[in-house]
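Architecture at a glance
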Amino acid sequence: MGSEDTLKLPVIDFTDLKLEAKNPNWETVKSQVHKALVEYGCFEAIFDTVPLDLRKALFGSLQELFDLPLQTKILNMSKKPYHGYVGQYPMIPLFESMGIDDAVVHEKVESMTNIMWPNGNPSFSKTIQSFSGQLSELDQIVRKMILESMGVEKYLEEHMNSTNYLLRVMKYKAPQTTDTKLGLSTHSDKNIVTILYQNGVEGLEVLTKDGKWISYNPSPHTFVVMIGDSLHAWSNGRLHSPFHRVMMSGNEARYSAGLFSIPKGGSIIKAPEELVDEEHPLLFKPFDHVEFLKYYYTEQGQRDQSALHTYCGV
């Protein structure tokens, strides 16, 4: 395939696709989604349901949020690991992020907003909740297509009801050098599906199964859809959960927002029996996502090449 520079993520067009309304393109797009997630674990999605002016407003809101003083940002707290404020780490000095749990629910967004701005900030709340709500439709379309592709759509309602949405917003400071600096270490996501949107500053790199890095060239018109370890396990390894990282250079900050579908506390990740057979023996024992996260953030979990295999591999 020539040099690594020519490697690109598959691009899939979701224009005019709706969750409930059958579209003649549904089967074609579904087949593209399945192929991309088996081969790469991710793809670029063209999804026009989220208007361009809302996408632009998002970056203004993120800049306003990260410009707040540190003593305000650290008030973004959560009992769940990496759901609150993350920053000030010597290993990744360019990175900081915050989390908004249940970001599709107006009251939850409002409550986080009022901690950051005690006098309120209605435009921030509206932008975050609208963006998350509209993007959640893409998450649901992708997940429906995945279950249909694997012939297990009878589990769709149970599968959808077992997750919440977390919006993680991130800022990577400009390193002010042409040298490449680490923005975020190599990792795989631990959730079900991640949908990322970012400004025009490059940085995201995805590792292919054969060990090559694909650099994502951001576009205002596309989102990156990526599989996490929980869906990799639920699909009994049929879908790939890719390693990825952020590498930064130059003089411009990178802002991104990720909508994460996350298993609810207490929900058990277990592959449906239809996905286990002689050709596909069971790869992972059933596990509680929150307990897995706790293990992942231990010293041992951080050292593991695959925390998922160590934690619950058969």
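What this report covers is the structure whose coordinates are included nearby.

Rules and cut-offs
- Residues numbered from 1 in each chain as written.
- Predicted model: local features only at pLDDT ≥ 70, side-chain atom pairs only at ≥ 80, totals over all residues.
- Heavy atoms only, no water.
- Pairing = 2+ DSSP bridges.
- Helix = DSSP H or I, 4+ residues; strand = E, 2+ residues; numbered from the N terminus.
- Axes fitted to C-alpha atoms, helices over the stretch in contact; angles between N-to-C directions.
- Phe/Tyr/Trp six-rings, centres within 6.5 Å; stacked < 30°, edge-to-face > 60°.
- Salt bridge = Lys/Arg side-chain N within 4 Å of Asp/Glu carboxyl O.
- Buried < 20%, exposed > 50% of the residue type's maximum accessible area, 1.4 Å probe, protein only.

**Points about the sheet that holds strand 5 (residues 177-187)**
Within a sheet, each strand pairs with its neighbour through backbone hydrogen bonds, oriented either parallel or antiparallel. Read across the sheet, four strands follow the order 5-10-7-8 without closing on themselves; strand pairing throughout is antiparallel. A strand with exactly one partner marks an edge of an open sheet, and here the two such strands are strand 5 and strand 8 (213-215). Each strand of the sheet is rotated relative to its neighbour by a mean of 25 degrees, with strand direction disregarded. Pairing geometry for strand 7 (residues 204-207) and strand 10 (residues 244-250), over three bridges, is antiparallel. What sits directly across from valine 206, in strand 10, is histidine 244.

**Re the packing of aromatic side chains**
For the structure shown, the criterion picks out 13 aromatic pairs. Relative to tyrosine 311, the ring of phenylalanine 287 lies with its centre 6.5 Å away and its plane at 90 degrees, an arrangement referred to as edge-to-face. With phenylalanine 287 in strand 13 (residues 287-288) and tyrosine 311 in helix 10 (residues 307-312), the pair connects residues that are 24 residues apart, well separated along the chain. Each member of the aromatic cluster is reached from another via a ring pair, and the members are Phe59, Phe131, Tyr197 and Phe223.

**A closer look at the pattern of salt bridges**
In a structure, side chains of opposite charge can pair up when their charged atoms sit close to one another. Inspection of every chain in the model, using the stated rule, returns 13 salt bridges. The shortest N-O distance in the salt bridge between lysine 30 and glutamate 148 comes to 3.0 Å. Highlighted residues: lysine 30 in helix 1 (residues 26-39) and glutamate 148 in helix 5 (residues 122-149), separated in sequence by 118 residues. Note that aspartate 210 is salt-bridged to lysine 212, the shortest N-O span being 4.0 Å. Judged by its relative accessible area of 57%, aspartate 210 falls in the exposed class. Connected through shared salt-bridge partners, Glu27, Lys30 and Glu148 make up one network.

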